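Descriptive structure summary
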Amino acid sequence: MNGKLQRMLDRVVDDGGVPGILADVRDGTQTWFGTAGVADLESGRARGPQDRFRIGSFTKAFTSTVVLLLDAEGRLSLDDTVETWLPGAIRDGDKITVRRLLNQTSGIFNYTMDEKMQGQYAGPSVLERRFDRYSPEELVRIAMRHEPAFAPGEGWGYSNTNFVLAGMIIERVAGRPYAEEVRRRIADPLGLEGTYVPGDDTELRGPHARHYSKLMLPDPDAEIHDVTELNASGAWAAGGMVSTAEDLHLFLRALLGGRLLPQKQMEEMFTGVSTEGGGWIPNTAYGLGVFWQELPGGQTVWGGGGAINGSWTYAMGSRDGEHLLVSNVNGDWGDLITTFTELLQSEFGAEEFGADDGR
């Protein structure tokens, strides 16, 4: 048993007050699954390994993978401009390439930072607006109301708009819905039975944890709300997917292990740019929809993470994909970036799988 990780999970719930947390570790043929807290505050049910949850921006890794598969088939090029595939959709579309969308160097305004869109994610308005429906074109138009953060290629800035545009390009190139391309190119071949793009379906399919939110309010005693049901169309190809811990292991192991993409596309995906100065996760570099993070102990882990109302997810591990940790919190408050970083340091700072210092 990984006693050290289990104690950390217990502290996250006891000290941080989140409803529940899970951690699923795979190292070669060895596995460990631990939880603390609950999946449902009313029933007290524990979190389970088959539970589905919203994965937020880890969706971006799936989106980039589909784009790179299309690139490998010669159906598009990372050097194609947005204007080539989506004429007139954005300003400077002739200067922004697909690569700049995927590595967040386009400078395009992040539509989720629009003042009106903030009501979708923060404050009491969330309780009603979480059912609002958006088309990808609407999200791009919201972004275009704002000036860019910087000229294309002249900086780094996290923008969900980049990945909405990438999803639109996938649909234009493939001639099929984004959700279908994720299913037929990734989920079905890998046997990801709990992974899907929900579209306008507001309820989570199958077994799942309830998702809880304090509506991003700063008061530590703010009321907790169940926000499990929501319309994720406002996140779509940037953050709308649902998955399970097991499925994220299968996907990330296949991706990092080179079993999803040819070598050329792998090199593209893992050519990183610094996120320094971008107001993002410290000590990270960003590739194409994935990132890598240097831990406090000097180790580097690879993968991604994401947040959406009521759910935070991290899925990171060794560069070859053989040693991975997937974790999810079914709440959206507290310093969860630090929480996940500490979990990763605990696991990847150990000399061997499940090492326990006895504390």
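The structure presented is a predicted model; accordingly, all values stated were derived computationally and were not measured. (Residues numbered from 1 in each chain as written. Predicted model: local features only at pLDDT ≥ 70, side-chain atom pairs only at ≥ 80, totals over all residues. Heavy atoms only, no water.)

Our focus in this paragraph is the confidence of the model for the protein chain. Caution is warranted with low-pLDDT regions, since their predicted coordinates should not be read in detail. When pLDDT is averaged across the protein chain, the result is 95; 97% of the residues are at 70 or more. Residue range residues 351–359 is modelled with pLDDT below 50. Its contacts to residues more than four positions away, or to other chains, number 20 contacts. (pLDDT = per-residue confidence, 0-100. Contact = heavy atoms within 4.5 Å.)

Let us look at helix 7 (residues 136–144). Residues of helix 7 that are buried: P136, L139, V140, I142, A143 and M144. Packed against the buried residues of helix 7 are helix 5 (115–118), helix 8 (160–174) and helix 10 (236–239). (Buried < 20%, exposed > 50% of the residue type's maximum accessible area, 1.4 Å probe, protein only. Helix = DSSP H or I, 4+ residues; strand = E, 2+ residues; numbered from the N terminus.)

Counting buried residues in strand 12 (residues 323–329) gives seven out of seven residues, a clear majority hidden from the surface. Bridging between strand 1 (residues 20–27) and strand 12 involves seven bridges; their strand directions are antiparallel. Note on strand 12: the bridge partner recorded for L22 is N328. In sequence, strand 11 (residues 311–317) turns back onto strand 12 through a hairpin of five residues, with G321 there showing a positive phi of about 80 degrees. (Pairing = 2+ DSSP bridges.)

Here strand 10 (residues 300–308) lies mainly inside the structure; seven of its nine residues are buried. Across four bridges, strand 9 (residues 291–294) lies against strand 10 in antiparallel orientation. Within strand 10, the residue paired with Q293 across the bridge is V301. Sheet topology places strand 10 next to strand 11; seven bridges connect them, and they run antiparallel. Directly across from W302, in strand 11, lies its bridge partner G317. Hairpin connection from strand 10 to strand 11: two residues lie between these consecutive antiparallel strands, with G310 at a positive phi of about 85 degrees.

Here we come to the packing of aromatic side chains. Counted under the stated rule, the structure contains 16 aromatic pairs. Relative to F62, the ring of F58 has its centre 6.1 Å away and its plane inclined at 85 degrees; by these criteria the two rings are edge-to-face. On the accessibility criterion, F58 (1% relative accessible area) is buried. Using a relative accessible area of 1% as the deciding quantity, one classes F62 as buried. A ring pair is formed by W280 and Y286, whose centres lie 5.6 Å apart and whose planes are at 75 degrees; its orientation type is edge-to-face. Residue class for Y286 comes out buried when judged on its relative accessible area of 2%. Within the aromatic cluster, the residues linked to one another by ring pairs are W156, Y158, W280, Y286, F291, Y314 and F340. Seen from the ring of Y196, R205 lies directly overhead, with NZ or CZ sitting 3.8 Å from the centre. (Phe/Tyr/Trp six-rings, centres within 6.5 Å; stacked < 30°, edge-to-face > 60°. Lys NZ or Arg CZ within 6 Å of the ring centre and 35° of its normal.)

With that out of the way, let us pick up the environment of G257. Inspection of the secondary structure assignment puts G257 in the loop between helix 11 (245–256) and helix 12 (263–269). G257 gets classed as partly exposed once you look at its relative accessible area, which sits at 34%. Along the chain, G257 and S318 lie 61 residues apart, while their C-alpha atoms are 9.7 Å from each other. If near-sequence neighbours (up to four positions away) are discounted, G257 is found in contact with L252 and D320.

Okay, the sheet that holds strand 12 next. Within the open sheet, the eight strands sit side by side as 2-1-12-11-10-9-8-7. Their pairing is antiparallel. Taken across any chain shown, the strands that pair with only one partner, and hence form the sheet edges, are strand 2 (30–37) and strand 7 (273–274). Running over the sheet, helix 13 (residues 336–348) touches strand 1, strand 9, strand 10, strand 11 and strand 12 and is turned about 150 degrees from strand 12. (Axes fitted to C-alpha atoms, helices over the stretch in contact; angles between N-to-C directions.)

It is worth spelling out the packing of helix 2 (residues 59–72) against helix 9 (residues 178–190) at this point. If you want to describe how two helices pack, look at the angle between their axes and the distance between the axes. At a minimum axis separation of 10 Å, helix 2 and helix 9 run at an interaxial angle of 75 degrees. Taken together, the axes of helix 2 and helix 9 are roughly perpendicular relative to one another. On the side of helix 2, the interface is formed by T59, F62, T63, T65, V66, L69 and L70, while helix 9 contributes Y178, E181, V182, R185 and I186. Here the contact of helix 2 with helix 9 is built from residues that sort into seven nonpolar, three polar and two charged. (Parallel < 35°, antiparallel > 145°, perpendicular 65-115°, else oblique. Nonpolar A, V, L, I, M, F, W, Y, C, P; charged D, E, K, R; others polar.)

For residues other than glycine, phi is negative in most cases, and the peptide bonds are mostly trans. Its identity is not glycine, yet D92 carries a phi of approximately 55 degrees, on the positive side. Along the chain, D92 falls in the loop between helix 3 (82–85) and helix 4 (98–102). In this model, Q104 sits at a positive phi of 65 degrees, which is unusual for a non-glycine residue. Secondary-structure assignment places Q104 in the loop between helix 4 and helix 5.

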